[in-house]
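# A closer look at the structure
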Amino acid sequence: MEEQMTMGLWLLMIVLAVVLAGLLGFWIGRTTSHERRLIRELETELDNRMQELNRYRSAVNQHFDRTATLFAGMAGAYRDLYHHLAESCEELADRPTRERLEDRAGRLLANVPMREGREGQQEAEQKPRSPDTRERELDLKPPRPD
């Protein structure tokens, strides 16, 4: 009887050792396999691409922020130039020249649509227009000499 217990005990230990060796081999195989390395490489590449995309987005946002700042400065400079011209025109130019400056530059800077001639001016100021209509109504030709 004792021999059977020892034999059964040995057999149980061998089975346990084989199962443990199998589990250990399976775990080692999973952690060091080619597919696992490939997955890690792809995850690293994805992380790098996401960081690159975030840097690019940040650069684009900074670009448009700077562009908006420069554009606002430029618009202010044009407005200042127009005011300078308008003040000088009041002192130095005749009435038709003042009217041309007001019609062409003043309304353009004020984003108000211009029409040919002075009639219909109040109607144009009161009625909102779509951007397409406004672009067609703008008179961008240089003033005619008097």
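Here we summarise the structure given alongside this text. Computed from a prediction, not measured in an experiment: that's the story for all the values here. (Residues numbered from 1 in each chain as written. Predicted model: local features only at pLDDT ≥ 70, side-chain atom pairs only at ≥ 80, totals over all residues. Heavy atoms only, no water.)

### Here we look at helix α2 (residues 34-92)
The criterion, for reference: Secondary structure elements follow DSSP: runs of H or I no shorter than four residues count as helices, runs of E no shorter than two count as strands, and numbering proceeds from the N terminus. Take the number of residues in a helix, subtract one, and multiply by 1.5 Å to get its expected span. For the exposure calls, accessible area comes from a 1.4 Å probe over protein chains only, and a residue counts as buried if that area is under 20% of its type's maximum, exposed if over 50%, partly exposed in between.
The end-to-end C-alpha distance of α2, which contains 59 residues, comes to 85 Å, matching closely the 87 Å that a straight helix rising 1.5 Å per residue would cover. All buried positions along α2 are accounted for by Gly 76, Tyr 82 and Cys 89.

### Regarding the pattern of salt bridges
Rules: Any carboxyl oxygen of Asp or Glu that lies within 4 Å of a side-chain nitrogen of Lys or Arg is treated as forming a salt bridge with it.
Across all of its chains, the model carries two salt bridges by this definition. For Arg 49, the salt bridge is made with Glu 45, and the minimal N-O distance between the two is 3.8 Å. Remark: Glu 45 and Arg 49 occur in helix α2; sequence separation between them is four residues, near one turn of the helix.

### Quick notes on a positive patch on the surface
Using the following cut-off: Only residues whose relative accessible area exceeds 30% and that form no salt bridge are eligible for patches; like-charged ones are grouped when within 9 Å, while nonpolar side chains (Val, Leu, Ile, Met, Phe, Trp, Tyr) are grouped when within 5 Å. What sets the accessible areas is the Shrake-Rupley method with a 1.4 Å probe; for residues, cover comes only from the shown protein chains. By the counting scheme adopted, Arg and Lys are positive, Glu and Asp are negative, and His together with the chain ends is not counted. Think of each charge as sitting on NZ of Lys, CZ of Arg, CG of Asp or CD of Glu.
Taken together, the side chains of Arg 30, Arg 36, Arg 37 and Arg 40 define a basic patch exposed on the protein surface. In terms of residues, the positive patch owes the most to one element, α2, which gives three residues. In this structure, Arg 30 sits in helix α1 (residues 2-32).

### Digging into a nonpolar patch on the surface
The grouping of Leu 11, Val 15, Val 19, Leu 20 and Leu 23 at the surface amounts to a nonpolar patch, some 480 Å² of accessible area in total. Topologically, Val 19 is positioned in helix α1. You can call Val 19 partly exposed: its relative accessible area is 45%.

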